[in-house]
Amino acid sequence: ATNGGGSVSVAGGDGTTDTGGGIALSSGSGTATTSGAIVIRSVNAGTAGISGALVFSSGTTSKGGSGSVSIGSGTATSGPGGAISVTVGSGTANAGGKVTILAGSSTDTTTTGQGGSIELTAGSGAGATGGSVSMIAGAGTATTSGAVTIRTINAGTAGISGALVFSSGTTSKG
């Protein structure tokens, strides 16, 4: 684009008969205090554009499984574990942003061709209550609040629709 800013591209080397080269970004350690942060972000857009996208993706594969994408915080030995927050932007003139969690589909027509699963599991508490899982619809300040829908999809021609199971755990005291 005319008067566009310069781009920066960092790429590991190709491996023709073996694994390609990796890229590692590491912040500095803090021997006595906090380690350094790594910030990856696109900056604010100008008056006639949208802010740049952030894309974290593993590549496709023709043999074997594709690479995984892992986002995690570290373990804490004398404090709470680090939080992970996924937040989308609010819309001042239109709808707020959408969060989509979609497991992978399978095109394998044999019995092993199951679709990917989605699991939401709260953490266990060794000395206190385990963590909770909450699904809360958004408020409608001037009109209707949002809906919460839990359902299984229709079955194919040779199966039954999936079950809905609502169950609490067993207890040995109380």
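Because the structure is predicted, anything quoted here is derived from the model rather than measured.

Trainee: Looking at this structure, I do not really get the overall build of the chain. What am I missing?
Mentor: Across its full length, the chain carries zero helices and zero strands. Computed over its C-alpha atoms, the radius of gyration of the chain comes to 23 Å, more than 25% above the 16 Å expected for a compact globule of 174 residues. Judged by the C-alpha coordinates and their principal axes, the chain covers about 60 × 45 × 45 Å. Counting only residues that meet the buried cut, the chain has 0% of its 174 residues in that class. On the chain, roughly 16,300 Å² of surface is accessible, and the fraction owed to carbon and sulfur atoms is 50%. For the chain, the distance from the average position of its 5 positive side-chain charges to the average position of its 4 negative side-chain charges is 19 Å.

Trainee: Help me out: how do you make sense of the layout of surface pockets in this one?
Mentor: Rolling a probe over the atoms, with the probe sized like a water molecule, indicates the empty space that remains. Approximately 880 Å³ is the volume attributed to the largest pocket. I118, L120, M135, I150 and R151 are, among the 19 residues lining the largest pocket, the residues nearest its centre. Considering only residue class, the lining of the largest pocket consists of twelve nonpolar, six polar and one charged.

Calculation rules
Residues numbered from 1 in each chain as written. Predicted model: local features only at pLDDT ≥ 70, side-chain atom pairs only at ≥ 80, totals over all residues. Heavy atoms only, no water. Helix = DSSP H or I, 4+ residues; strand = E, 2+ residues; numbered from the N terminus. Rg over C-alpha atoms; globule rule 2.2 N^0.38 Å. Buried < 20%, exposed > 50% of the residue type's maximum accessible area, 1.4 Å probe, protein only. Areas by Shrake-Rupley, 256 points an atom, 1.4 Å probe, with all protein chains shown as cover. Lys, Arg positive; Asp, Glu negative; His and termini not counted. Charge placed at Lys NZ, Arg CZ, Asp CG, Glu CD. 1 Å grid on protein atoms, 1.4 Å probe; cavity = no way out; pocket = protein on both sides within 12 Å on 5 of 7 lines; lining within 4 Å. Points joined across faces, edges and corners; volume = space filled by probe spheres on them. Nonpolar A, V, L, I, M, F, W, Y, C, P; charged D, E, K, R; others polar.

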